[in-house]
Amino acid sequence: MTASEVQPGGRLLRGVHRTLTGLHPALESVLAAVVGLLVGAALMYIWGYDPWKAYWALLRGAYGGSYEIASSIARGVPLVLTALTFSICLRGGMFNIGAEGQVYVGAAAAVCVAYFKLPPGLHLLVGIAFAAVAGAVWSLGPALLKLTRGVHEVISTIMFNWIARFLVFYLVAYVLVDARQGQRTVQIPLSARFPVLVRGTDLSYSVFLAVAFALFVYFLLWHTATGYEVRAAGLTPTAARYGGISIRRTIALSFVLGGIGAGLAGAATTMGLPPTYAIISGLPQLMNLGFDGMAVAMVGRNHPLGILVAALFFGGLNAGGRVMQFYGSNPVPLEMVRVVMGAIVLAMAIPELVRVFPAMAASGRALVRMLSRRKPAEEAA
Amino acid sequence: MRKWLGLALVVALVAAPAMAQALKGKVAVVLDVGGRGDLSFNDMGFKGTDQAAHDFGLEMVEVQSATAADYLPNLRNLARTGQYDLIICVGFLLGDALAQAAAEFPQQKFAIIDAVVDAPNVMSIVFRENEMSALVGALGAMAAAHYGYPNVGVVLGIEIPVLYHFEAGYRFGIDWGNKKAAETLGTGPVGLLYTYTGSFSDIALGKAATEAMLAQGAVGVYNVAGPLGIGDLEAITEFHRNQGTRSGPPYYFGVDANQDWLGNGQHGLASGMKRVDVGCYSAVEAVVKGTFTGGITSLGLAEGGVGISKFVDLLEFIDFGISAGALKPEDREATIANWAVNRGTVPAWIWRAVDELEAGILAGTIVVPTADTVDEMQAVRARYTLGAP
Amino acid sequence: MGVNGYFLRAERITKIYSDGTVAVRDATLELRPGEIVGLLGENGAGKTTLTKILSGLLPPTRGQVVSPRGRVRFSSPREALEFGIGMVHQHFALVGTFTAVENVALSQERPLAPLQLAEIRAKLEALMAESGLRVPLDVPVEKLAVGEQQRVEILKVLSRDVALLILDEPTSVLTPLEVDELFRLLRRLRDEGRAIVLITHKLKEAGSITDRVVVLRKGEVVGDVPTADVTSEELARLMVGKALETRVGRAVELSTEEIPVHAHDREREGRGPGVLHVEGLSVAGDTKPVAVHDLTFDVYGGEIFGIAGVEGNGQTELVEALTGLRPALKGTATIRGKNILGLDPRQIYKLGVAHIPEDRWVLGLVLPFTLAENAILGVHRWDEFRGPLSILRWRRINAHVRSLMQRFEIQATGPSAPARSLSGGNQQKLIVGRELAKDPAIVIASQPTRGLDVGAAQYIRDTLVEMRDRGRAILLVSADLDEVLALSDRVAVMYEGRFMAVSRPEELDRETIGMLMGGVTAGGKR
């Protein structure tokens, strides 16, 4: 009669779930990391690389000194923000994979500050606001489609990602383009850049933006009535409705908040990432930030504070992965580095995936049942 | 070898104490997000550096970038070790990052392909793509005149200054070929069809652009967008299949590498080769020989940095393709035969005319215009309108 | 069946869940062909777990299940079904978008074989004729009422011709007439030589149909006796283990599981002022265009207005319309003179409505939320719990929860315990506590004691009566006829969206009510 008994899902998932629910969260993460590292080591060993040297390079490249730690943090900054996009919506009961497109749009909006002059500081704030608003507006598309036409957010956010991608391609190539440097947009002026925090690294003041937004989301979700409504609607929409919560409101709110997060990630990667301070054609510095954010969200258990830790871990993996490529006499090429990173991240995301998906499926079914039940009544009225 | 040891000693004393214990010199190649496996630009950068490392007894590492945010950290990570005699950046996308890294590590020697970074410790290697593009343009124009096609085409990537070099040279070459054909055959001028697709990665865009050009009677399409050439060639191959031909026009004109062998050599008539490998090799050689200086090194026909593909290159790049697994060894002979048949569809006078143009450029009697800015490009376009009103 | 005279034997079964809960402890149970065994116990006694082990849904931690052919191990319910064991769960295993015929087809041996729906339909029709269990065959089962869905479940299992049939609380959603029919069916199945296990916590049922009763308490088998040799009092004592009064502070008649009648002194004073006024209210249903038909009634302060009836006759729609969860077609409804139709639930709560919903898992609670979070559901925007900037006052909320826990005897480790860790009874007490703490003018209680053990159910009934005595209006909707009759000052019997009668409970005898619930008026005609 306990909760573990009524979990849907296959036998294997139930087994994994039952094993994991008994563990302390930290222990669970450590265990998952160890499994991931072992799988990665096995892969490297099979392909003829020395796992111990490679991991040593990874560790040193990630956290070996202040330069390395700063680089790892810098790599994690946009991921904190895109992970929050995903987590806010997941907490609100939606599977929003639109962060990717919202990052593009946010970045493009941030670049627009290059076209006017403002005092330093204010210029930066205006840029941040631009990016946040652009991300939020882009996020409203899927939200409105869901609220008015019932379009599932997975479909609409994927489509909006593609639209954003080509829209920003166009903007970069024809509108925001630097006439002398056709491969990128105009550069964001000094007055609108996040100052570099640690000299000689990528780490800029944008890290404070990411941390502040994470804390804000945490406070909103767990310490305000508004956030309470979002979480209730996400977990049991039927009960939330019974509790007088407008699910339409929580859906719109989580999308907009998420869009702001992704838009800020766009700002951080344009206004706060040396040396380009512009969008490069093909968006190579923005590509996959939204999707990587989903992995960070899973590793961080969809909790803002967990996400901060996970992003540091993820940034470390990326920063250390760069070093694995040239460390020692038999360095690991980037392709294998990414395979190993994938194994580690997957292992660490599995516990949360196992928890999230059955729960999502169950609450989704309940909501569909409730909405389909209301329909004939509304039509009759 | 002896020279290099002397250099190593100097470097060890002057620059980096860490070098003292290094028995071998080291060079690093940093690639942009395109990464390895393109059988063209990046692979050639790797190949040239690898060859140089082998010839001069150096150790070489290759560092790829997962995202553009990795460019600067990769350069910093390498420079911080102080172990590298030279760090080569393959591709103009690394330019901004290198400008920053070169300033932060003034003792570190860098080289960059395809971009100009103004720093005393950076050797900027650029190519005179206008020269080889002129040869390809002339070949295309004369082939069109011979077969009675109204146009030649070019599919370009993102509108950046480097591509202006190609377009300007191509326009000049077509104009030159038109004049030659008028002299020889008495035909009227052929026009140019050109498209900037805005992408160096979307193969489908290359195919679509090529299909449109073929429909408008292009005798061939020059690929100036890297991987998009795969799409270009696909469109051309399908066109041949539909009209039931195995060789002859329309032709594919490759770029950067010798791409004549692609598709078993059936439709690749010639490639405008940009020898990134030669550029990387010469940078390493300069360091080893102690002749390394900052500033621009421009490689053109005269330096062997660019050129139109010849039979010798074909063999070299067929082997390159086979070693990369892109071509089956058993198809080697057939590819060469296909290529020879295809080349045979262009009459000898045209090949002689191309040689004449090449000789003129080498001798300095013919100067191919180029363009680095939009304005300069507009000027070239205005001078060689090539059918545009 | 087997030479040893039994069909299946559970030998010294122990089941420990991963969270450490010992659901079943060293239980031994033998099931013989041609016998109906009642499995008796309170909520959480381990009845469901034990039967899930028997039917292969769960592996035991220790012990084994044997048949005369040897040890039995199933890796899926389908294997168990092929072996001849069928189970009808409390929570149904039906595909909502499939019709009854399709759901039955899905349970067949080769569900992916070319579907012979016509054949299955014929089989079902024959079964329905035999068993008297009628269901619409061509409507997606999610559109059916709970009782109908259960009938589909039973038909599904019967269609497989099982040797052992396990039913988990099958009667809780059936009309008295249907219960009789079900029991007749079960007897016949027994006489055909099947083994039947009936999970129940109703002593009356256990006494009337079973041949043998097995009593579970806290996972242990505390009694295994022929039904004829035991009295209801003895069974109740075995089940509960201790006198009930120590829990609720007052004596409860255990002997017949009769619910104490609280309305005896209803003549003591006149009813209070009108609180809820409903006039000409019609509400659409999910499948029916009109589920509630032109209803007019009043509920007064100081009275319990009970609505009896078989589920699916418009009660759910009526309650949803009155609580803002479903729009009305026409009519008016006011609380103390203020219109409530068209308002959202929060606005209605503000007018003094408390709503104890019929399904605590779907509506009443957010199960993964903590006690504290659940305790403010619906009142989370009240100033008491919410400060400036919409910030929740957790300290006050936790204090509020502690007082609820004390006042309503909610057994939990604390305000931060997840609601899903509570037993059903404690979950329901949490809902009741939360709703009553609003100090409402009217309590709309829908199936407030469903699935609860005797003690918890009685406690909740007492609480409702206490609210009535304090002058509040109570609208009680329950499928438990005994409950409605015992608690209500006035009873309405609902059938197909209409009230068949509104009357004082003592003016109606059970037979009359049974007929009214079945749509038969006093004249005897349908």
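Everything quoted here is computed from the prediction, not taken from an experiment.

1. Description of the overall build of chain B
Right, on to step 1. On a plain count of helices and strands, chain B comes out with 13 helices and 12 strands.
Right, on to step 2. When each of the 389 residues of chain B is scored for burial, the buried share is 61%.
Right, on to step 3. By sequence separation, contacts in chain B at least 24 residues apart represent 74% of the contacts at least 6 residues apart.
Right, on to step 4. Of the roughly 14400 Å² of accessible surface on chain B, 57% is carried by carbon and sulfur atoms.

2. Description of the interface of chain A and chain B
Right, on to step 1. Each partner contributes to the interface: chain A provides 27 residues, whereas chain B provides 33 residues.
Right, on to step 2. Counting each side, the surface lost to burial between chain A and chain B is near 2700 Å², with a carbon and sulfur contribution of 56%.
Right, on to step 3. If you sort the residues of chain A by the area they bury against chain B, Y67, R322 and F326 of chain A come out on top, with a joint share of 24%.
Right, on to step 4. At the surface where chain A touches chain B, the tally comes to five salt bridges.
Right, on to step 5. Between R76 of chain B and D202 of chain A there is a salt bridge; the shortest N-O distance is 3.0 Å.
Right, on to step 6. Secondary-structure elements contributing two or more residues to the side of chain A that touches chain B are α4 (66–91), β2 (181–185), α13 (304–324) and α14 (334–380) of chain A.

3. A few points about the packing of helix α9 (residues 225–235) of chain A against helix α11 (residues 247–271) of chain A
Residue and element names in this part refer to chain A.
Right, on to step 1. α11 packs onto α9 with a crossing angle of 105 degrees between their chain directions and a minimal axis gap of 9 Å. The orientation of α9 relative to α11 falls into the category roughly perpendicular. Of the residues in α11, those touching α9 at T226, E229, V230 and A233 are I247, R249, T250, L253 and S254.
Right, on to step 2. Across the contact of α9 with α11, the residue classes break down as four nonpolar, three polar and two charged.

4. Thoughts on the pairing of strand β8 (residues 195–200) of chain C
Residue and element names in this part refer to chain C.
Right, on to step 1. Counting buried positions over the six residues of β8 gives six, a clear majority of the element.
Right, on to step 2. Here β8 shows two buried faces, one formed by A195, V197 and I199 and the other by I196, L198 and T200.
Right, on to step 3. As judged from the six bridges shared by strand β3 (residues 35–40) and β8, these two strands associate in the parallel manner. Directly across from L40, in β8, lies its bridge partner T200.
Right, on to step 4. Two elements, strand β7 (residues 164–168) and β8, share five bridges in a ladder whose sense is parallel. Following the sheet pairing, I166 is matched in β8 by V197.

5. Re the confidence of the model for chain C
Residues and elements named next belong to chain C.
Right, on to step 1. Overall, the prediction assigns chain C a mean pLDDT of 82, with 85% of residues at 70 or greater.
Right, on to step 2. A low-confidence stretch, residues 242–257 stays under pLDDT 50, and its non-local contacts, those more than four residues away or across chains, total 29 contacts.
Right, on to step 3. In the predicted structure, residues 263–268 sits below a pLDDT of 50 and forms 13 contacts with residues beyond four places in sequence or in another chain.

6. Here we look at the pattern of salt bridges
Right, on to step 1. In this structure the tally under the stated criterion is 58 salt bridges over all chains.
Right, on to step 2. Of the charged contacts in the structure, one is a salt bridge between R343 of chain B and D260 of chain B, with a shortest N-O distance of 3.8 Å. Of the two residues, R343 of chain B is situated in helix α11 (residues 332–344) and D260 of chain B in the loop between β9 (251–256) and β10 (268–274); the sequence distance between them amounts to 83 residues. The pair formed by R343 of chain B and D260 of chain B is uniform in burial state, with each residue classed as buried.
Right, on to step 3. A salt bridge links D439 of chain C to R470 of chain C; the nearest nitrogen and oxygen atoms lie 4.0 Å apart. Of this pair, D439 of chain C sits in the loop between α15 (424–436) and β17 (442–446) while R470 of chain C sits in the loop between α16 (454–469) and β18 (473–477); the two residues are 31 residues apart in sequence, bridging distant segments of the chain.
Right, on to step 4. Overlapping salt bridges, with partners in common, bring together R9, E11, E30, R32, E35, R212 and D224 of chain C in one network.

7. A few points about the packing of aromatic side chains
Think of a pair of aromatic rings as described by two things: how far the centres are apart, and how the planes are tilted against each other in angle.
Right, on to step 1. For the structure shown, the criterion picks out 25 aromatic pairs over all chains.
Right, on to step 2. The lysine or arginine in question, K47 of chain B, covers the ring of F320 of chain B, its NZ or CZ lying 5.4 Å from the ring centre.
Right, on to step 3. Its end group placed over the ring of Y459 of chain C, K429 of chain C keeps NZ or CZ at 5.2 Å from the ring centre.

8. Section: unusual backbone geometry
Right, on to step 1. In this model, P274 of chain A is joined to P275 of chain A through a cis peptide bond whose omega is 0 degrees.
Right, on to step 2. Assignment of secondary structure puts P275 of chain A in the loop between α11 and α12 (289–299).
Right, on to step 3. Omega for the peptide link from P249 of chain B to P250 of chain B comes to -5 degrees, which places this bond in the cis form.
Right, on to step 4. Within the chain, D161 of chain C stands out as a residue other than glycine whose phi angle is a positive 60 degrees.

9. Notes on the sheet that holds β17 of chain C
All names here are of chain C.
Right, on to step 1. Pairing within the open sheet is mixed, and its six strands lie in the order β16-β17-β18-β13-β19-β20. Every interior strand has two partners, whereas the edge strands, β16 (353–356) and β20 (498–503), have only one. Here the strands of the sheet are splayed against their neighbours by 15 degrees on average, with no regard to which way each runs.
Right, on to step 2. The sheet contact formed by β17 and β18 spans five bridges and is parallel.

10. Topic: the confidence of the model for chain B
Right, on to step 1. Averaged over all residues, the pLDDT of chain B is 88; the fraction at 70 or higher stands at 94%.
Right, on to step 2. Under a pLDDT of 50 for its full length, residues 7–22 of chain B has, in the predicted model, 14 contacts with residues more than four places off or in other chains.

11. Things to note about the nonpolar core
Right, on to step 1. The biggest cluster of nonpolar side chains holds 230 residues, and the ones touching the most others in it are L139 and Y222 of chain B.
Right, on to step 2. When residues are assigned to domains, this core turns out to be shared by domain 1 (2–127 + 277–299) and domain 2 (129–249 + 345–383) of chain B, each giving three or more.
Right, on to step 3. What L139 of chain B contacts, discounting residues up to four positions off in sequence, is F253, L269, A270, I308, V346, I350, W351 and V354 of chain B.
Right, on to step 4. By size, the runner-up hydrophobic cluster in this structure holds 58 residues, among which are A240 of chain A together with L363, L452 and L476 of chain C.

12. Brief notes about the sheet that holds strand β2 (residues 59–63) of chain B
Residues and elements named next belong to chain B.
Right, on to step 1. Read from one edge to the other, the open sheet built from six strands follows the order β2-β1-β3-β4-β5-β11, with strand pairing classed as parallel. Edge positions in the open sheet fall to β2 and β11 (295–299), since each of these has one partner strand only. When strand polarity is set aside, the average angle formed by the axes of neighbouring strands in this sheet is 20 degrees.
Right, on to step 2. In terms of strand pairing, strand β3 (residues 86–90) meets strand β4 (residues 110–113) through four bridges, oriented parallel. For I88, the partnering residue across the bridge sits in β4 and is A111.
Right, on to step 3. Sheet strands touched by helix α4 (residues 95–104): β3, β4 and β5 (122–127). Its angle to β4, the strand with the most contacts, is close to 165 degrees.
Right, on to step 4. Those strands touched by helix α9 (residues 276–289) are β1 (26–31), β3, β4, β5 and β11, and its axis lies near 165 degrees from that of β3.

13. Points about helix α7 (residues 203–215) of chain B
Residues and elements named next belong to chain B.
Right, on to step 1. Relative to the 18 Å expected for 13 residues at 1.5 Å per residue, α7 spans 19 Å between its end C-alpha atoms, a close match to the ideal helical length.
Right, on to step 2. For α7, the set of buried residues is G206, K207, A209, T210, M213 and L214.
Right, on to step 3. Buried residues along α7 sit in contact with β6 (151–156), β7 (191–196), β8 (218–224) and α8 (228–243).
Right, on to step 4. The N-capping residue of α7, defined by a side-chain oxygen 3.2 Å from the backbone nitrogen of A204, is D202.

14. Side note on helix α3 (residues 71–81) of chain B
Residue and element names in this part refer to chain B.
Right, on to step 1. A large share of α3 lies buried, amounting to nine of its 11 residues.
Right, on to step 2. Residues of α3 that are buried include every one of Y71, L72, P73, N74, L75, R76, N77, L78 and A79, and no others.
Right, on to step 3. Taken from the residues just after α3, G82 is the one with a positive phi, measuring 65 degrees.

15. Here's the deal with the side chain of E131 of chain B
Residues and elements named next belong to chain B.
Right, on to step 1. Within the secondary structure, E131 sits in helix α5 (residues 129–147).
Right, on to step 2. At 2.8 Å, the side chain of E131 and the backbone nitrogen of L301 are in polar contact.
Right, on to step 3. Filtering out sequence-adjacent residues up to four positions away, E131 remains in contact with G300, L301, V306, I361 and V368.

What counts and how
- Residues numbered from 1 in each chain as written.
- Chains lettered and ligands numbered in written order.
- Predicted model: local features only at pLDDT ≥ 70, side-chain atom pairs only at ≥ 80, totals over all residues.
- Heavy atoms only, no water.
- Helix = DSSP H or I, 4+ residues; strand = E, 2+ residues; numbered from the N terminus.
- Buried < 20%, exposed > 50% of the residue type's maximum accessible area, 1.4 Å probe, protein only.
- Contact = heavy atoms within 4.5 Å.
- Areas by Shrake-Rupley, 256 points an atom, 1.4 Å probe, with all protein chains shown as cover.
- Buried area = accessible area lost by both parts, 1.4 Å probe.
- Salt bridge = Lys/Arg side-chain N within 4 Å of Asp/Glu carboxyl O.
- Axes fitted to C-alpha atoms, helices over the stretch in contact; angles between N-to-C directions.
- Parallel < 35°, antiparallel > 145°, perpendicular 65-115°, else oblique.
- Nonpolar A, V, L, I, M, F, W, Y, C, P; charged D, E, K, R; others polar.
- Pairing = 2+ DSSP bridges.
- pLDDT = per-residue confidence, 0-100.
- Phe/Tyr/Trp six-rings, centres within 6.5 Å; stacked < 30°, edge-to-face > 60°.
- Lys NZ or Arg CZ within 6 Å of the ring centre and 35° of its normal.
- Core = buried A, V, L, I, M, F, W, Y, C linked by side-chain atoms within 4.5 Å.
- Domains from an automatic or database assignment.
- Expected span 1.5 Å × (residues − 1).
- Polar contact = N/O pair within 3.5 Å; in protein donor to acceptor, adjacent residues only side chain to side chain.

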